[in-house]
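Summary of structural features
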There are 2 protein chains.
Amino acid sequence: MVNIAVLGYGTVGSGVVEVLFKNRESLQRKAGQALQVKYILVRRDFPGDPHTDLMVRDFNQILEDPQVQVVAEVMGGLEPAYTYTRACLERGKSVVTSNKELVAQYGAELLQIAREHHVNYLFEASVGGGIPIIHPLHLCLAANEIEEIAGILNGTTNFILTKMIQEKMSFADALALAQQLGYAERDPAADVEGHDACRKTCILASLSFGEHVYPKDVHTEGITEITSEDVAYAASCGCVIKLIGRAKRGAPGEKIQAMVSPALIRHDSQLGTVDDVFNGILVRGDATGDVVFYGKGAGKFPTASSVVGDIVDCVKAADTIPSLTWKPSQGGNVADPQDNVTRMYLRCSSEQAGLGYAKSLFGEIQPLSREGQPSEEFAFIAPAMAEREINAKIANLEEMGVTISGKIRVLDY
Amino acid sequence: MVNIAVLGYGTVGSGVVEVLFKNRESLQRKAGQALQVKYILVRRDFPGDPHTDLMVRDFNQILEDPQVQVVAEVMGGLEPAYTYTRACLERGKSVVTSNKELVAQYGAELLQIAREHHVNYLFEASVGGGIPIIHPLHLCLAANEIEEIAGILNGTTNFILTKMIQEKMSFADALALAQQLGYAERDPAADVEGHDACRKTCILASLSFGEHVYPKDVHTEGITEITSEDVAYAASCGCVIKLIGRAKRGAPGEKIQAMVSPALIRHDSQLGTVDDVFNGILVRGDATGDVVFYGKGAGKFPTASSVVGDIVDCVKAADTIPSLTWKPSQGGNVADPQDNVTRMYLRCSSEQAGLGYAKSLFGEIQPLSREGQPSEEFAFIAPAMAEREINAKIANLEEMGVTISGKIRVLDY
């Protein structure tokens, strides 16, 4: 029998406890021994909860209990999660988590501590909620060098964009609906500004390319500037707008490319059909080609399912799993976004200049049109070039009195 | 260092050897020790091949070498693969394979022998080629009871259907093209009659529901009867025709539902956008909801990638992996397809009867139309009912002199 402690009893924590009780028999079969919740660390009372007998308020009670072998840290945030995780690993307890902020900031260090103490630090639930992605990335795709990853990694923003696309809602209305349905926080910044997607992108990039990638180094744009007009122009060329986190292995001696931003992608592609609160993650391996993983990126039971899957893995592992690791880094290992070569959608307005002038500046542009397009508005897709160059040409447009009201990368996923 | 023998040196076998040599360093890091190919079992000479020094023709040389710890069986077919696999497992050697025919027929037995000898029998490559599916199904989704699986499991038929849909080719022309490109065998029966998809469905069902499901028990229809007219009617209601293998857990005390057949599914769903030779597999878990895995379902390197991933797993496993298992069965555990409740697309022709008569028989039908539809032709989707009932009504139609020229299930994936 393996004793488990669950740190935190919010949405994910209560889901973890429920799944461990509900699927107890099949979990015992799969893990090879019984999984027993011994403690739940809480900060307040839960009167009437069926598990009050397991609840404790003192973390040290868990830390000092040598019977606790696996700890599920589902509190979120950097502190006290970091201190608790470190302490558990140093005491030879494996830790599993859904805490993307912690993994994105301290992953390399915590993995190293786990290795030194022959235990595991697993975080399947930190990316893609209920989608198996971390495990497949380092285990099932072990035969591959991962060249590139790209994904719709945040369900809240994907819900908002889906409503803007399918029901022609404004950003503000779609956000309000997401808040009403409990998909978005009252302060939605972490989602709509792209920070959540950035953390997940960093975790995937670190694991795929073998060195720590910090959120602060990854150029991140959210979806707050996206308008219904942009959505309509995108539709006119068979595209949808999605918030895409992506990272690409650098050529030998070169830096990793990584970015989080809205992008126009084909509406009928594997990522283009990921709608509502779902997530989709594309992995490009040198042997296997493109593999895409799709499922619920958040929610109580999908996330709990991943946490519990990791608990089973910890129970079965005789030692630290060697493939789940990456090197620490000092940061600064991501290429300058100005060097990023991309196609770019631009929406402009001007009384004088128009598509002709854009063409003379950018070369082979793809003009776009939409219903109800005002006479002074024009939009087009500029051919692939470095963003530095695109920005210089945009400055030229602006000198001509052109106002740029939309600027979104166009990607091939 | 771990010594490996590769049985067979065809497309997959040579891919396995190439990946093991090419990614040697990263594989050593992930497996925790070096992977060394010691033998390649061949049936003919390969003059000029860089690995002739490793080639042997006598299986016993491999079997009797106690240094060989992992054997990759990539020969295909039931014999001698079955005899060799059994012998290796009984000698305490782990076996990994891409052989879906063998797993679908003898999986429960071979898993049992592996368990008795504390080794592993792994077959990630047997379903979905380079897509991680077997491993995620029993490991990453361990917290779930799997309720249902459904997939586009055969790349050849999906290529043919994609050409029929996107380029309006006939079945015969699309098959000829697939043969020309090397996607289809000269004798394409195993693919176009659905047998290959059936074997894969059985493997997924056995693993998901915990008891062996035999191909002979699963009602299987291929795509040879699909016509351009059916494709056009499907498009008129936002659908595409795909060959779908699916299986659903039976309610307590009831049999498993499983079937392989063409089906109309939404063109913009996760499975509906799986085109060309790609595969897509949907897994419905009680905790995580729907998860979809997408990637190359066949081909030298995708399949080799899965085989090599399994080799890494064998090297790391201290004992038999407890979650990869299912009970033997005598067969007969799949429900009668006549009891299957489904919506059904029907294409009919008659000088007398028409949609009105269909409506009086089937109730709330959805009428369909297509460009160039002859006056005596009519098509519709009948509401959900048991196939037994649908067939009785079809008999009624036929008594009225109606000819049924198309009959395809309509699914909700």
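Residues numbered from 1 in each chain as written. Chains lettered and ligands numbered in written order. Predicted model: local features only at pLDDT ≥ 70, side-chain atom pairs only at ≥ 80, totals over all residues. Heavy atoms only, no water.

Points about the packing of helix α2 (residues 24-31) of chain B against helix α12 (residues 300-316) of chain B
All names here are of chain B. Test applied: Angular values range over 0 to 180 degrees, each being the angle between N-to-C directions of two axes fitted as lines to C-alpha atoms, with helices fitted over their stretch in contact. By the criteria applied, helices consist of DSSP H or I runs no shorter than four residues and strands consist of E runs no shorter than two, each listed in order from the N terminus. It is the rotation of the near helix from the far one that decides the hand of a crossing: anticlockwise by less than a right angle makes it left-handed, clockwise makes it right-handed. Residues are treated as being in contact if the distance between any of their heavy atoms lies within 4.5 Å. Lys, Arg, Asp and Glu make up the charged group, whereas Ala, Val, Leu, Ile, Met, Phe, Trp, Tyr, Cys and Pro make up the nonpolar group; the residues left over, Gly among them, are polar.
Packing of α2 against α12 leaves a shortest axis separation of 9 Å and a crossing angle of 40 degrees. The hand of the α2/α12 crossing is right-handed. Taking contact as the criterion, the partners of Leu27, Lys30 and Ala31 in α2 are, on α12, Val308, Val312, Val315 and Lys316. Classifying every residue of the contact of α2 with α12 by side-chain character gives 5 nonpolar, no polar and 2 charged.

Let's talk about the relation of the copies chain B and chain A
Under the convention used in this document: Superposing the copies works by least squares over the C-alpha atoms of residues that have pLDDT at least 70 in both of them.
Of the transformation placing chain B onto chain A, the axial shift is 0.0 Å and the rotation is 180 degrees, giving an RMSD of 0.0 Å. Each copy turns onto its partner about a two-fold axis. Taking C-alpha positions as reference, the residue of chain B nearest the rotation axis is phenylalanine 293 of chain B, located at 2.4 Å. Both copies share a contact surface, since 100% of the interface residues of chain B are interface residues in chain A too.

A closer look at the confidence of the model for chain A
Threshold: pLDDT: the predictor's confidence for each residue, scored from 0 to 100.
Model confidence for chain A is summarised by a mean pLDDT of 95, while 100% of its residues fall at 70 or above. Scored as a whole, the predicted complex attains pTM 0.93, and scored at its interfaces, ipTM 0.90.

Brief notes about the packing of aromatic side chains
Where we set the bar: Note on aromatic pairs: the rings of Phe, Tyr and Trp (six-membered ring only in Trp) are paired at centre separations within 6.5 Å, and the planes decide the class, stacked below 30 degrees, edge-to-face beyond 60, tilted for the rest. Remark: exposure states derive from per-residue accessible area (1.4 Å probe, protein chains only) relative to the maximum for the residue type, with buried under 20%, exposed over 50%, and partly exposed in between. By definition here, charges over rings are those cases where NZ of Lys or CZ of Arg is within 6 Å of the ring centre and within 35 degrees of the ring normal.
Throughout the structure, instances matching the rule amount to 21 aromatic pairs over all chains. A centroid spacing of 5.0 Å and a plane angle of 90 degrees characterise the contact between tyrosine 9 of chain B and phenylalanine 46 of chain B, whose relative ring orientation is edge-to-face. One end of the pair, tyrosine 9 of chain B, is in the loop between β1 (2-7) and α1 (11-22); the other, phenylalanine 46 of chain B, is in the loop between β2 (35-41) and β3 (55-56), with 37 residues separating them in the sequence. The class of tyrosine 9 of chain B is buried, set by a relative accessible area of 12%. For the pair phenylalanine 278 of chain B and tyrosine 294 of chain B, a centre-to-centre distance of 4.9 Å together with 5 degrees between the ring planes defines the contact as stacked. One end of the pair, phenylalanine 278 of chain B, is in strand β11 (residues 278-285); the other, tyrosine 294 of chain B, is in strand β12 (residues 289-296), with 16 residues separating them in the sequence. Both residues of the pair, phenylalanine 278 of chain B and tyrosine 294 of chain B, belong to the buried class. Joined through ring pairs, the aromatic side chains of Tyr121, Phe123 and Trp326 of chain A make up one cluster. In this structure, arginine 44 of chain A is placed above the aromatic ring of phenylalanine 46 of chain A, and the distance from its NZ or CZ to the ring centre is 4.0 Å.

Considerations on the pattern of salt bridges
All names here are of chain A. This is how it is decided: When a carboxyl oxygen of Asp or Glu is within 4 Å of a side-chain nitrogen of Lys or Arg, the pair counts as a salt bridge.
Under the criterion given, the structure shown has 48 salt bridges over all chains. Arginine 347 is paired through a salt bridge with glutamate 377; the nearest N and O atoms lie 3.6 Å apart. One end of the pair, arginine 347, is in strand β13 (residues 341-349); the other, glutamate 377, is in strand β15 (residues 377-386), with 30 residues separating them in the sequence. Side by side, arginine 347 and glutamate 377 carry an identical accessibility label, which is buried.

Here we look at the UniProt feature "binding site: L-homoserine" (unreviewed entry) in chain A
As a reminder of what qualifies: UniProt positions are given in the numbering used here, feature names are shortened, and annotations may be inferred rather than shown by experiment.
Mapped onto this structure's residue numbering, the UniProt feature "binding site: L-homoserine" (unreviewed entry) falls at Glu185 of chain A. On the secondary structure map, glutamate 185 of chain A appears in the loop between α8 (171-180) and α9 (189-192).

Some points on the sheet that holds strand β4 (residues 68-73) of chain B
To summarise the sheet geometry, strands pair through backbone hydrogen bonds and adopt either a parallel or an antiparallel arrangement. All names here are of chain B. What counts, and what does not: What makes two strands pair is DSSP finding at least two bridges between them.
One open sheet holds the 6 strands; their spatial order is β3-β2-β1-β4-β5-β6, and the pairing between them is parallel. Whereas interior strands pair on both sides, the edge strands pair on one side only; in this sheet they are β3 and β6 (121-122). By the bridge criterion, 4 bridges tie β4 to strand β5 (residues 94-97) in an arrangement that is parallel. The partner of valine 71 across the bridge, within β5, is valine 95.

Considering the sheet that holds strand β5 (residues 94-97) of chain A
All names here are of chain A. Taken together, 6 strands build an open sheet; the order of strands is β3-β2-β1-β4-β5-β6 and the sheet is parallel. Only two strands of the sheet have a single neighbouring strand rather than two, namely β3 (55-56) and β6 (121-122). As paired strands, strand β1 (residues 2-7) and strand β4 (residues 68-73) are joined by 5 bridges and run parallel to one another. Considered in β4, the bridge of asparagine 3 is made with valine 68.

Some details on the side chain of serine 306 of chain A
Residues and elements named next belong to chain A. So the rule is basically this: Polar contacts here mean pairs of N or O atoms no more than 3.5 Å apart (in protein, one a potential hydrogen donor and the other a potential acceptor; neighbouring residues in sequence count only if both atoms are side-chain atoms).
Note that serine 306 resides in helix α12 (residues 300-316). Look at serine 306 and you get buried, because its relative accessible area is 3%. Within polar-contact distance, the side chain of serine 306 engages the backbone oxygen of glycine 129 at 2.6 Å. Apart from residues no more than four positions distant in its own chain, serine 306 is found in contact with Glu124, Ala125, Gly129, Gly130 and Ile131.

Re helix α10 (residues 195-209) of chain A
Helical geometry: 3.6 residues make up each α-helical turn, so side chains three or four residues apart lie on a common side. Residue and element names in this part refer to chain A. Inclusion rule: In this scheme, a helix's expected span is set at 1.5 Å multiplied by one less than its residue total.
Along its 15 residues, α10 runs 21 Å from first to last C-alpha, staying within 8% of the 21 Å computed at 1.5 Å per residue. In terms of burial, α10 is a largely internal element, 13 of the 15 residues being buried. Positive phi shows up at glycine 210, right after α10, with a value of about 85 degrees.

Things to note about unusual backbone geometry
Residues glutamate 79 of chain A and proline 80 of chain A are joined by a peptide bond in cis, for which omega reads 5 degrees. With respect to the helices and strands, the residue proline 80 of chain A is situated in the loop between β4 and α4 (81-90). Backbone geometry at histidine 118 of chain A places phi at a positive 55 degrees, although glycine is not the residue there. Relative to the elements of secondary structure, histidine 118 of chain A occurs in the loop between α5 (100-116) and β6. Although it is not a glycine, aspartate 276 of chain B adopts a positive phi angle of roughly 55 degrees. Locating aspartate 276 of chain B in the fold gives a position in the loop between β10 (257-266) and β11. The exposure class assigned to aspartate 276 of chain B is partly exposed, which follows from its relative accessible area of 30%.

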